[in-house]
Number of protein chains: 4
Amino acid sequence: MRLSGVIPPVCTPMTPEYEVDTASLVRLVDHLVDGGVDALFVLGSSSEVAYLTDAQRRTVLDTVVGHVGGQVPVLAGVIDMTTPRVLDHARVAAEAGASGLVATAPFYTRTHPEEIRTHFRTIARRAGLPLYAYDLPVSVHTKLSTGLVLELAAEGTLAGLKDSSGDDGGLRAVVMGRDALSGEAPFSVLTGSEVTVDSALWMGADGVVPGLGNVDPQGYVELYRCASQGDWEAARAEQERLVRLFEIVHVGGSRMGGSSSGLGAFKAALYLRGVIDCPVTALPQIPLSEDEVGRIGKLLAAAGLL
Amino acid sequence: MRLSGVIPPVCTPMTPEYEVDTASLVRLVDHLVDGGVDALFVLGSSSEVAYLTDAQRRTVLDTVVGHVGGQVPVLAGVIDMTTPRVLDHARVAAEAGASGLVATAPFYTRTHPEEIRTHFRTIARRAGLPLYAYDLPVSVHTKLSTGLVLELAAEGTLAGLKDSSGDDGGLRAVVMGRDALSGEAPFSVLTGSEVTVDSALWMGADGVVPGLGNVDPQGYVELYRCASQGDWEAARAEQERLVRLFEIVHVGGSRMGGSSSGLGAFKAALYLRGVIDCPVTALPQIPLSEDEVGRIGKLLAAAGLL
Amino acid sequence: MRLSGVIPPVCTPMTPEYEVDTASLVRLVDHLVDGGVDALFVLGSSSEVAYLTDAQRRTVLDTVVGHVGGQVPVLAGVIDMTTPRVLDHARVAAEAGASGLVATAPFYTRTHPEEIRTHFRTIARRAGLPLYAYDLPVSVHTKLSTGLVLELAAEGTLAGLKDSSGDDGGLRAVVMGRDALSGEAPFSVLTGSEVTVDSALWMGADGVVPGLGNVDPQGYVELYRCASQGDWEAARAEQERLVRLFEIVHVGGSRMGGSSSGLGAFKAALYLRGVIDCPVTALPQIPLSEDEVGRIGKLLAAAGLL
Amino acid sequence: MRLSGVIPPVCTPMTPEYEVDTASLVRLVDHLVDGGVDALFVLGSSSEVAYLTDAQRRTVLDTVVGHVGGQVPVLAGVIDMTTPRVLDHARVAAEAGASGLVATAPFYTRTHPEEIRTHFRTIARRAGLPLYAYDLPVSVHTKLSTGLVLELAAEGTLAGLKDSSGDDGGLRAVVMGRDALSGEAPFSVLTGSEVTVDSALWMGADGVVPGLGNVDPQGYVELYRCASQGDWEAARAEQERLVRLFEIVHVGGSRMGGSSSGLGAFKAALYLRGVIDCPVTALPQIPLSEDEVGRIGKLLAAAGLL
């Protein structure tokens, strides 16, 4: 059976001392599961995985898998530069009881499509868990080609794709190519874009991995429900409400990196909504100012979330 | 006193099973130290640091620091995505007895100059070892600005710069800015370019960190010696011989990633010269073919190294 | 009234001597107008505008505007590096009787958002024709921001946007921002993506500028008609047929530049369909081989076009 | 005989109405020729060629070629997107009496090395003037490979290279490859970097094309003279003085595009030195503020030029 629906990348709440705040993390998991999501994705980009030490990654995995207790699948990001380092994370994730793994192409190194193919094949063969490719050119500076993704899907190396490239034409090509494969293992196409979910589902995508889903899981669940029932106009209306809410990620503007602005906004919103105790983001990110947090509050209120 | 001279980034020999080959690593260290190098840099890009697990990084550190026994300083790369993960590597390196640390700007995340400043300041404050900035846009997709480097030099955050950006105008601006700082902590400017060492030294750089120095440490030592004694014509002649030798990194061509071609060539050359037992590179790199290794052998012979 | 519907960027047929083949161009215009398109866009990227001399650009303008005789609007690309050069093209286009102008951000120079704003404002003020911004990062290496586009829309500088960035989330933000402007001049949002037209229209876009529309104008007209009448399932089915046809642009593969592969495919298809006399593309593009043209023929047949 | 020495890219002075100020242009040419330069390069990036209309380009050519009257060679930039448009500029330049042409790789289009080769070969064959390749990745977003440049040199297509890539390792590879060609047509290697001229000459480059040479031609002439006579220490001292002067290009900072800041600085300096009547730069560039012009004045004074 292929993965579908709303699978938020779970933020990682922190204490003022930059440690994982497990109490807040548990509340966030409840907020998401109670919100109706279909699965959870821990240790993704929205989880600040790039900023978490291995010990913190382990804490997140144990906390979430333990608390969820099998109610929904828990995918684990295994984000690192190359195959051997990814395999280490995969071992930890498997031991912790993750339901599947999410890996990017190699980064930091100057890579080649043949090497990306070897990378995913090696992880799939060794890890013993369903493997999802994470297409994230803004971070890894490589775009996965449609041809490579479909080849790895057809042979059973990949169980799915999380497409955060923003290239919906490419997503459609994968969906149509996937549908043309017959008698193969299931392959799930998930969009990572918060603002084109209705159209991605319209094209045949199976689900969405929305960072903004931390802030408003019910919104994405409702959007998915409407689309599944064929009520596309209601889906679009809900999507447009979420597009306006997504404006929170731009509040930090150009005085900080894009990661700081986006991740800081999600955490500020979760803090304002009472889900987590502290909106702090990991070093070296620049924190949002009090004024900026105030503007996020206004956008939350406009979306009916405060 | 500031670091100067020839500081090769030490390759990491591996067994056919992709484990660190400590016996070969020890021989390589001897080859370099006997070749007259001034210090060693382990766990840099040429060391395949991006491909080494944390356990393998630890093995490399312990092996090299232990074997060197203080004859020359040993710098350790602490290459990872963000500050908290770099700090973990820094702790390990300090425990292992490294003489200094080498860190890049954050990568994978979308970062900002203010965040890069915080990144280096946090590492320097917590690590307790001299910190060298590693400017490597091809891997981290950010260029360190002259202004930021000089600010961090002036305040004592950085003990030096390893400039692998290929931008010798920028290197010169750092050297001249450094010389204009008075009464400050020592700040060492090192070029990471194998092919413009004579000119970098001419501009006032203190030394070089040449990947190709694994293959021919004597060549770089001789080049540095000539330059130090003011015999620039001899330095240039030696540099030009090394430029011709550097052709080995292009043998792999476009059928593999640039990392595979370059690192594979260094290891093939070390293997052909009898320094290491096996030329294998880490996964998912594409290995050089037998024919390509043969062409590397011819280039070695032409350089008088076989 | 704002521009809407199907507005193909008209290919520029050439003789074997690389001159504009006006007889073929006239036949192509008839093919498009008879196919039911709503307007024509000459001298865009798909017209090989980057390869046409000023005299050839003038020939194209005169031929198309003269032949169309006001049946449908004719937009003219005024593609050049900076404002003064664009203004020269704008004067020629106005004299020739174009209905509107299409301009990109400056390129070749290292530009700044403030300069892009001045660029569009100056063109709009001097040209005396409706001005459409052409967002084409793959060519000009700058992405127009949503904020800038909406500011220029609100003040009446721009009459519309041709979005060829492939970023459908950005297109949606422009559509929603445009709808929030009240009592303003009309502003038309057109997608330049051949493969996400149904979803762009679903988001509220007004029309499409499809290079592939040269080959199959009826297909895009039908797609637009279905969407306009709310028959989205039929629109999607037609879109999916066109996605499969779009495969022709990849036939040239990596042995040539992306422009050669795409433009060569459109012209080969027009040649095979009997619309133009010769499939030649301008220098220095690499031509498709006979075998590649054969594969394009098979894709045309599969789409019911041969 | 191959071109060598100091060949400044001549700025294009403008009136407050953005027309070519031919009186100032003539004074600038005298300033350069009297300063001892070996040739002139008109219609390059520093000439604002990207901003000049074809009529203005013609005015510049006629003014400079006419005034110089054969005292020194005059190279002409033929900067445009593709071969056919470049050929039009080449015809005009030949008619005007230019001594040679300078062309980049194609831009705006997505190009391929085979197409770049065809581009240069076609221009060389048709133009009837020596052709220099202009390697300028910051503008054309393609780097000319060493292999391609040497192939085109060996076959006589190219008479030289203006290397503005900032990659001095690549420049050295071209110089060494050029020296290995025997019995071939002369091939001149010129650096476009203002701040590494001594080292480029040291590597064997034949000359320099310095934008900053507009401001201080005597400086670059002296630098070249010292290097030619083997007085490298004097060359370096002069180079370092010019590096400090080059600081003027950063005065505009990040509130404008890099082109505006650099070109505005050269013109402000020429204005302050009394060479040209007006420091205006072409649209849509942002002008330097009065305060910024004042800071440029201080840097000129520090360099002994006011």
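Because the structure is a prediction, the values reported are computed rather than measured. Residue positions within a chain follow its written sequence, with the count starting from 1. Ligands are numbered from 1 and chains lettered from A, in the order in which they are written. Only residues with pLDDT of 70 or above have their local features reported here, since the model is predicted, and side-chain atom pairs are shown and tallied only from 80 upward, although totals for entire chains, interfaces and linings are computed over all residues. Excluded from the side-chain calculations are hydrogens and water; all other atoms, namely the structure's heavy atoms, are used.

A separate point is the overall build of chain A. Elements are defined by DSSP. Helices are runs of H or I of four residues or more, strands are runs of E of two residues or more, and each kind is numbered from the N terminus. Helix and strand counts for chain A stand at 12 helices and 8 strands. Taken over C-alpha atoms, the radius of gyration is set against a globule rule of 2.2 Å times the number of residues to the power 0.38. The C-alpha radius of gyration of chain A comes to 18 Å, within 12% of the 19 Å expected for a compact globule of 306 residues. Seen through its C-alpha atoms, chain A measures out along the principal axes to roughly 50 × 45 × 40 Å. In this scheme, a residue with accessible area under 20% of its type's maximum is buried, one over 50% is exposed, and one in between is partly exposed, where area comes from a 1.4 Å probe on protein chains only. By the burial criterion, 65% of the 306 residues in chain A qualify as buried. Two residues qualify as a contact provided that any one of their heavy atoms is within 4.5 Å of a heavy atom in the partner residue. Across chain A, every contact between residues at least 6 apart in sequence was considered, and the portion connecting residues at least 24 apart equals 73%. All accessibility values rest on the Shrake-Rupley procedure with a 1.4 Å probe; residue burial counts only the protein chains present in the view. About 10000 Å² of surface is accessible on chain A, with carbon and sulfur atoms providing 51% of the total. Averaging the positions of the 24 positive and the 36 negative side-chain charges in chain A gives two centres separated by 3 Å. In this tally Asp and Glu are treated as negative and Lys and Arg as positive; neither His nor the chain ends contributes. Charge placement uses NZ in Lys and CZ in Arg. For Asp and Glu, CG and CD serve respectively.

On to helix 4 (residues 113–127) of chain A, then. Helix length check: helix 4 of chain A (15 residues) gives 21 Å between terminal C-alpha atoms against 21 Å at 1.5 Å per residue, within 8%. For helix 4 of chain A, the set of buried residues is A:E115, A:I116, A:R117, A:H119, A:F120, A:T122, A:I123 and A:A127. Looking at the packing, one finds that the buried side of helix 4 of chain A touches helix 3 (83–96), strand 4 (100–103), strand 5 (131–135) and helix 6 (146–154) of chain A together with helix 11 (258–272) of chain B. One or two residues past the end of helix 4 of chain A sits A:G128, with phi positive at roughly 70°. Multiplying 1.5 Å by the helix residue count minus one yields the expected span of that helix.

The interface of chain C with chain D comprises 48 residues on the first partner and 48 residues on the second. We define buried area as the total accessible area lost by two parts upon association, computed with a 1.4 Å probe and summed across both. Summed over both partners, the interface of chain C with chain D buries about 3800 Å², with 58% contributed by carbon and sulfur atoms. Among the residues chain C hides against chain D, the three largest losses belong to C:R85, C:Y108 and C:R110. Together they make up 22% of the total. Salt bridges are counted wherever a side-chain nitrogen of Lys or Arg sits within 4 Å of a carboxyl oxygen of Asp or Glu. At the boundary of chain C and chain D, one finds 4 salt bridges. The closest approach of N and O atoms between D:R85 and C:D80, which form a salt bridge, is 3.4 Å.

Time to look at the pattern of salt bridges. Think of it this way: side chains of opposite charge can pair up when their charged atoms draw near. Inspection of every chain in the model, using the stated rule, returns 88 salt bridges over all chains. Notably, a salt bridge pairs C:E222 with C:R225, separated by 3.0 Å at the nearest N-O pair. Here C:E222 pairs with C:R225, and both are found in helix 9 (residues 217–228), just 3 residues apart, close to one helical turn. What emerges from the salt-bridge pattern is a single network uniting A:D54, A:D80, A:R85, B:D54, B:D80 and B:R85.

The next point concerns the relation of the copies chain A and chain B. The transform that puts chain A on chain B rotates by 180° and translates by 0.0 Å along the axis, for an RMSD of 0.0 Å. On the angle and the small slide along the axis, the relation comes out as a two-fold axis. Looking at the interface residues of chain A, 100% of them are also at the interface in chain B, so both copies use one shared face. The copies were overlaid with a least-squares fit restricted to C-alpha atoms from residues scoring a pLDDT of at least 70 in each copy.

This paragraph deals with the relation of the copies chain C and chain D. For these two chains of identical sequence, chain C goes onto chain D by a turn of 180° and a shift of 0.0 Å along the axis, with RMSD 0.0 Å. In this assembly, 100% of the residues forming the interface of chain C have copies in chain D that are likewise at the interface, indicating an isologous arrangement.

This part covers unusual backbone geometry. For the peptide bond that leads from A:L283 to A:P284, omega is 5°, which places it in the cis range. Tracing the sequence through the fold places A:P284 in the loop between helix 11 (258–272) and helix 12 (290–302). The residue A:Y108 is not glycine, and still its phi comes out positive at about 75°. Located in the positive-phi region is D:E48, a residue other than glycine, with phi close to 60°.

Attention now moves to the environment of A:D167. Relative to the helices and strands, A:D167 resides in the loop between strand 6 (160–163) and helix 7 (168–180). Not counting residues within four places of it along the chain, the set of residues in contact with A:D167 comprises A:K143 and C:G166. For the purposes of these results, a polar contact is taken to be a pair of N or O atoms within 3.5 Å, where, inside protein, one atom must be able to donate a hydrogen and its partner to accept one; residues adjacent in sequence count only when each atom of the pair is a side-chain atom. Polar side-chain contacts of A:D167 include one of 3.2 Å to the backbone nitrogen of A:G169.

Paired through their backbone hydrogen bonds, the strands of a sheet run either parallel or antiparallel. Residues and elements named next belong to chain B. Note on pairing: DSSP must find at least two bridges between two strands before they are called paired. The sheet built from 8 strands is open, its strands ordered 1-8-7-6-5-4-3-2 with parallel pairing. Of all the strands in the sheet, the pair left with one neighbour each is strand 1 (5–6) and strand 2 (40–42). Strand direction decides the pairing type here: strand 7 (residues 188–191) and strand 8 (residues 207–208), joined by 2 bridges, are parallel. Within strand 8, the residue paired with T191 across the bridge is V208.

Moving on: empty space enclosed by the protein. Within this scheme a cavity is a closed region of a 1 Å grid, computed over the protein atoms alone, that accommodates a 1.4 Å probe without allowing it to escape, whereas a pocket is open but has protein on both sides within 12 Å along at least five of seven lines; lining residues each have an atom within 4 Å of a point. Grid points are joined across faces, edges and corners, and a volume is the space filled by probe spheres set on the points. Tallying each qualifying case throughout the model produces 7 cavities of 30 Å³ or more. Space inside the largest cavity adds up to approximately 60 Å³. As for the largest cavity, its lining consists of B:D135, B:K143, B:L144, B:S145, B:T146, B:V149, B:L161, B:D163, B:G170, B:L171 and B:V174. Taken together, the elements giving at least two residues each to the lining of the largest cavity come down to helix 6 (146–154), strand 6 (160–163) and helix 7 (168–180) of chain B. At 3 residues, the largest contribution of residues to the lining of the largest cavity is made by helix 7 of chain B. For the lining of the largest cavity, the per-class residue count stands at 5 nonpolar, 3 polar and 3 charged. Reported here for the second largest cavity is a volume of approximately 50 Å³. If you trace the second largest cavity, you find it lined by C:F107, C:Y108, C:S139, C:H141, D:F107, D:Y108, D:S139, D:V140 and D:H141. Looking at the lining of the second largest cavity residue by residue, the class counts come to 5 nonpolar, 4 polar and no charged. Residues are grouped as follows: Ala, Val, Leu, Ile, Met, Phe, Trp, Tyr, Cys and Pro are nonpolar; Asp, Glu, Lys and Arg are charged; all remaining types, including Gly, are polar.

In this section: the packing of aromatic side chains. Stacked, edge-to-face and tilted labels apply to pairs of Phe, Tyr and Trp rings (six-membered ring for Trp) whose centres lie within 6.5 Å, assigned for plane angles under 30 degrees, over 60, and everything in between, in that order. Using the criterion set out here, one finds 15 aromatic pairs over all chains in the structure. Connected via pairs of aromatic rings, a cluster forms that spans A:F107, A:Y108, B:F107 and B:Y108. Just above the ring of D:W202 sits the side chain of B:R236; from NZ or CZ to the centre is 4.0 Å. Charge-over-ring placement is defined geometrically: NZ (Lys) or CZ (Arg) within 6 Å of the ring centre, and within 35 degrees of the ring normal.

It is worth spelling out the UniProt feature "binding site: pyruvate" (unreviewed entry) in chain A at this point. All names here are of chain A. UniProt positions are given in the numbering used here, feature names are shortened, and annotations may be inferred rather than shown by experiment. Under the UniProt annotation, "binding site: pyruvate" (unreviewed entry) lies at V209. Structurally, V209 can be placed in the loop between strand 8 (207–208) and helix 9 (217–228). Once residues lying within four places of it in the same chain are set aside, the contact partners of V209 are I7, P9, F41, K162, L190, T191 and G192.

In this complex, chain A contributes 48 residues to the contact, which on the side of chain B involves 48 residues. Considering only the surface of chain A that becomes buried against chain B, A:R85, A:Y108 and A:R110 emerge as the three largest contributors, covering 22% of it. Here chain A and chain B share 4 salt bridges between them. A salt bridge links A:D54 to B:R85, with the nearest nitrogen and oxygen atoms 2.9 Å apart.

So, on to the sheet that holds strand 3 (residues 74–77) of chain D. Residue and element names in this part refer to chain D. Across the sheet, which stays open at both edges, the 8 strands sit in the order 1-8-7-6-5-4-3-2 with parallel pairing between neighbours. Each edge of the sheet is formed by a strand with only one pairing partner; in this case those strands are strand 1 (5–6) and strand 2 (40–42). Bridge analysis of strand 3 against strand 4 (residues 100–103) gives 3 bridges, and the strand direction is parallel. Along strand 4, the bridge assignment pairs A76 with L101. Throughout, an axis means a line fitted to C-alpha atoms (over the contacting stretch in the case of helices), and angles, computed between N-to-C directions, take values from 0 to 180 degrees. Against the sheet, helix 2 (residues 54–68) contacts strand 2 and strand 3, and its axis sits at roughly 160° relative to strand 2.

Residue and element names in this part refer to chain A. Mapped onto the present numbering, the UniProt feature "active site" (unreviewed entry) falls on Y134 and K162. With the annotated positions falling across 29 residues, the maximum pairwise C-alpha distance of 4.8 Å places them together in a single cluster. In this fold, Y134 is placed in strand 5. According to the relative accessible area criterion, Y134 is buried, its value standing at 2%.

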